[in-house]
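So you can see what is in the structure, the chains are spelled out below.
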Amino acid sequence: MMTTTNAQNGKATTIKKTFSRQTKVSIDINADAAIVWTLLTNASDFSRWNSTVVSIDGEIKEGEKIKLVSTLAPERTFKIKVKEMQPEKMMHWGDGKGDRYFTIEQNKNGGVTFIMDEKMGGLMFPMYAKYIPPFDENFEQYAKDLKKEAEIIANTK
Amino acid sequence: MNNDILAREFEACKDQLKSYIVRITTSVQDTEDIIQDTYIKAQTKLDTFKGESSLKTWLFAIASNLAKDLLKAKKRWPENVTDICKDAAMNSETFFGEAMHIAHTSPQGSFEIKEHIAFCFTCVSKSLPLEQQLTVLLKEVYDFKVKEIAAILEQTDAMIKYYLHTGRSKMIEVFDHRCSLINKEGVCHQCSELNGVFNPKQNQQEVLAQLQLVKDANSKDKEQLFDIRMEVLKGLDPFKSGAAELQLHHLEHNRKVMEKYLEKNS
């Protein structure tokens, strides 16, 4: 599992290397981990609250394959495997080109810090790197949407 | 706690329980069975009631579990259930004849649009996942608090908040898209069409203009309009209202149509 860093208030950072690219965003959310986890693992509901996701087909369960269509490349369907799930703590998705980690950590404010971290790479990476759009804006929007939705739910009376 | 107190409390909330269960099962027979089983189960398990919740909450928990057991293997209905059932009614040789007979002979056979609004919500809310439907009903129609619903459905407060928010959001979008009472572009006019059938002498525009949903359609937001819709449900008992027999006949029809439809399309 990748190491996490301190919250960056929703600002994404990208580290580019010859054979890899890593984008990370983290954001503090004033909600229970259970709410954030439920939002992150309910495939059919995703596009309602997450403006970066066009659709997710399949079930977000460990070992399952899902089909993701993102606003980053709406003409493409990404086939991704849900490799690992630790309820309310961590989830790991991946395909042949990269791995994405979602982490939920309790923070000192009584809420959680959500971290999304994706690393793509490999020996062939330099050949197709230029065709992959930057993720920063997309990651920031993702984190912002998650925070907004989770906090609305947490404040439900 | 003893059987006398249970009997009194059960009697006090029986109407609400029945109304809740029929809105989940859409079956009068299943509702009667569940209500009877709820009482029997409560009697036999009374010694396990620790008073951590109210007796009413506990009874709703028992009834909810029985309803969930009944429905867990059944598919949920599609959002356009009323379109599918309308087509079936139009092609039925018996539906309108039976409905007209009820309308002309039953003391609970008078068609009213607000009753159809409640009926319509019962059908359309079956497109929600079951836990979301139960949560929305318990909170918005039967006035339970999040903690009480968490006890009834054996879930965490966080999950109940999620179900409530998601269920409300989905229903708000469905009605905003479909209901011509609140949206001029809405694709469903079934309540006014049926009013024309059952009350042909009424001035349709005048009747519609008296409805709170229609009055507020342009001045209130979607959330507020949903709250008004929930107020309509709160104010009606599906077994005791002036249109109860007519609407329950319609509900029975829709349930049978959907069972066939879902079997055919499985």
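Look up a bit, the structure's there.
Residues numbered from 1 in each chain as written. Chains lettered and ligands numbered in written order. Predicted model: local features only at pLDDT ≥ 70, side-chain atom pairs only at ≥ 80, totals over all residues. Heavy atoms only, no water.

Novice: When you look at the overall build of chain A in this model, what are you seeing that I'm missing?
Specialist: A tally of helices and strands in chain A yields four helices and eight strands. Start at the N end of chain A and walk to the C end: the helices and strands fall as β-β-α-α-β-β-β-β-β-β-α-α. In terms of C-alpha radius of gyration, chain A reaches 15 Å, essentially the compact-globule figure of 15 Å for 157 residues. By its C-alpha atoms, chain A is 50 × 30 × 25 Å across when sized along the principal axes. Residue burial in chain A is summarised as follows: out of 157 residues, 48% are buried. Sequence separation of 24 or more characterises 50% of the internal contacts of chain A that already satisfy a separation of 6 or more. (Helix = DSSP H or I, 4+ residues; strand = E, 2+ residues; numbered from the N terminus. Rg over C-alpha atoms; globule rule 2.2 N^0.38 Å. Buried < 20%, exposed > 50% of the residue type's maximum accessible area, 1.4 Å probe, protein only. Contact = heavy atoms within 4.5 Å.)

Novice: I tried to follow the sheet that holds strand S1 (residues 13–17) of chain A on my own but got confused; where do I start?
Specialist: Strands belonging to one sheet form pairs held by backbone hydrogen bonds; the direction of such a pair is parallel or antiparallel. Residue and element names in this part refer to chain A. Spatial ordering of the open sheet is given by S1-S2-S8-S7-S6-S5-S4-S3, a layout of eight strands whose pairing is antiparallel. Looking at strand neighbours, the two that pair on one side only are S1 and strand S3 (53–57), the edges of this open sheet. Direction aside, neighbouring strands of the sheet carry axes that sit 20 degrees apart on average. Of the strand pairs in this sheet, S1 and strand S2 (residues 20–29) are connected by five bridges, and their pairing is antiparallel. Note that in S2 the partner of Lys17 across the bridge is Ser20. In the packing of helix H1 (residues 33–41) onto the sheet, the strands contacted are S2, strand S5 (78–86), strand S6 (90–94), strand S7 (98–106) and strand S8 (112–121), and the crossing angle to S7 comes to about 160 degrees. (Pairing = 2+ DSSP bridges. Axes fitted to C-alpha atoms, helices over the stretch in contact; angles between N-to-C directions.)

Novice: Is there a simple way to explain the packing of aromatic side chains in this structure?
Specialist: To describe a pair of aromatic rings, you give the distance between the ring centres and the angle between the ring planes. For the structure on display, the rule yields 19 aromatic pairs over all chains. With centroids separated by 6.4 Å and ring planes inclined at 35 degrees, the aromatic side chains of A:Phe102 and A:Tyr142 adopt a geometry described as tilted. Taken as a pair, A:Phe102 in strand S7 and A:Tyr142 in helix H4 (residues 136–154) lie far apart in primary sequence, 40 residues in all. In this pair, the class of A:Phe102 matches that of A:Tyr142, namely buried. Relative to B:Tyr163, the ring of B:Tyr162 lies with its centre 6.2 Å away and its plane at 55 degrees, an arrangement referred to as tilted. Comparing B:Tyr162 with B:Tyr163 shows no difference in burial state: the two are buried. A connected cluster of aromatic rings, assembled from ring pairs, spans A:Phe46, A:Trp49, A:Trp93, A:Phe102, A:Phe114 and A:Tyr142. One cation-aromatic arrangement involves A:Arg21 over A:Phe135; the distance from NZ or CZ to the ring centre is 4.7 Å. A cation over an aromatic ring shows up here: B:Lys126 above the ring of B:Trp77, its NZ or CZ 4.9 Å from the ring centre. (Phe/Tyr/Trp six-rings, centres within 6.5 Å; stacked < 30°, edge-to-face > 60°. Lys NZ or Arg CZ within 6 Å of the ring centre and 35° of its normal.)

Novice: Would you take a moment to explain the pattern of salt bridges for this structure?
Specialist: Pairing between side chains of opposite charge can happen when the charged atoms of each approach one another. Residue and element names in this part refer to chain B. This structure, assessed with the given rule, holds 24 salt bridges over all chains. With a shortest N-O distance of 3.9 Å, Asp69 and Lys72 are connected by a salt bridge. Overall, Asp69 belongs to the partly exposed group, its relative accessible area being 47%. Look at Lys72 and you get exposed, because its relative accessible area is 66%. Measuring nitrogen to oxygen at the nearest pair gives 3.2 Å for the salt bridge that ties Asp143 to Lys234. Highlighted residues: Asp143 in the loop between helix H7 (130–141) and helix H8 (146–153) and Lys234 in helix H13 (residues 222–234), separated in sequence by 91 residues. A network of salt bridges, in which partner residues are shared, links Glu140, Arg168, Glu223 and Asp227. (Salt bridge = Lys/Arg side-chain N within 4 Å of Asp/Glu carboxyl O.)

Novice: What exactly am I supposed to notice about the packing of helix H5 (residues 95–105) of chain B against helix H14 (residues 244–264) of chain B here?
Specialist: Think of two packed helices as two axes; the pair is described by the angle between the axes and how far apart they sit. Residues and elements named next belong to chain B. The geometry of H5 relative to H14 is characterised by a closest axis approach of 9 Å and an angle of 165 degrees between their N-to-C directions. By the criterion of interaxial angle, the relationship of H5 to H14 is roughly antiparallel. Regarding H5 and H14, the two cross each other, and that crossing is right-handed. Contacts between H5 and H14 involve Phe95, Glu98, Ala99, Ile102 and Ala103 from the first element and Glu245, Leu246, His249, His250 and His253 from the second. (Parallel < 35°, antiparallel > 145°, perpendicular 65-115°, else oblique. Left-handed = near helix turned anticlockwise from the far one by under 90°.)

Novice: For this particular structure, what's the right way to read a positive patch on the surface?
Specialist: Residues and elements named next belong to chain A. Residues Lys65, Lys67, Lys79 and Lys81 make up a contiguous surface patch of positive charge. Elements that contribute at least two residues to the positive patch include exactly strand S4 (65–70) and S5. Among the secondary structure elements, Lys81 is positioned in strand S5. (Patch = residues over 30% accessible without salt bridge, like charges linked within 9 Å, V, L, I, M, F, W, Y side chains within 5 Å. Areas by Shrake-Rupley, 256 points an atom, 1.4 Å probe, with all protein chains shown as cover. Lys, Arg positive; Asp, Glu negative; His and termini not counted. Charge placed at Lys NZ, Arg CZ, Asp CG, Glu CD.)

Novice: When you look at the packing of H4(A) against helix H9 (residues 157–178) of chain B in this model, what are you seeing that I'm missing?
Specialist: Look at H4(A) against H9(B): their axes get within 8 Å of each other, and the N-to-C directions meet at 110 degrees. As judged from the angle between their axes, H4(A) and H9(B) are roughly perpendicular. Together, A:Glu149, A:Ile152, A:Ile153 and A:Ala154 of H4(A) and B:Ala158, B:Lys161, B:Tyr162 and B:His165 of H9(B) make up the contact between the two elements. Its residues placed into classes, the contact of H4(A) with H9(B) shows five nonpolar, one polar and two charged. (Nonpolar A, V, L, I, M, F, W, Y, C, P; charged D, E, K, R; others polar.)

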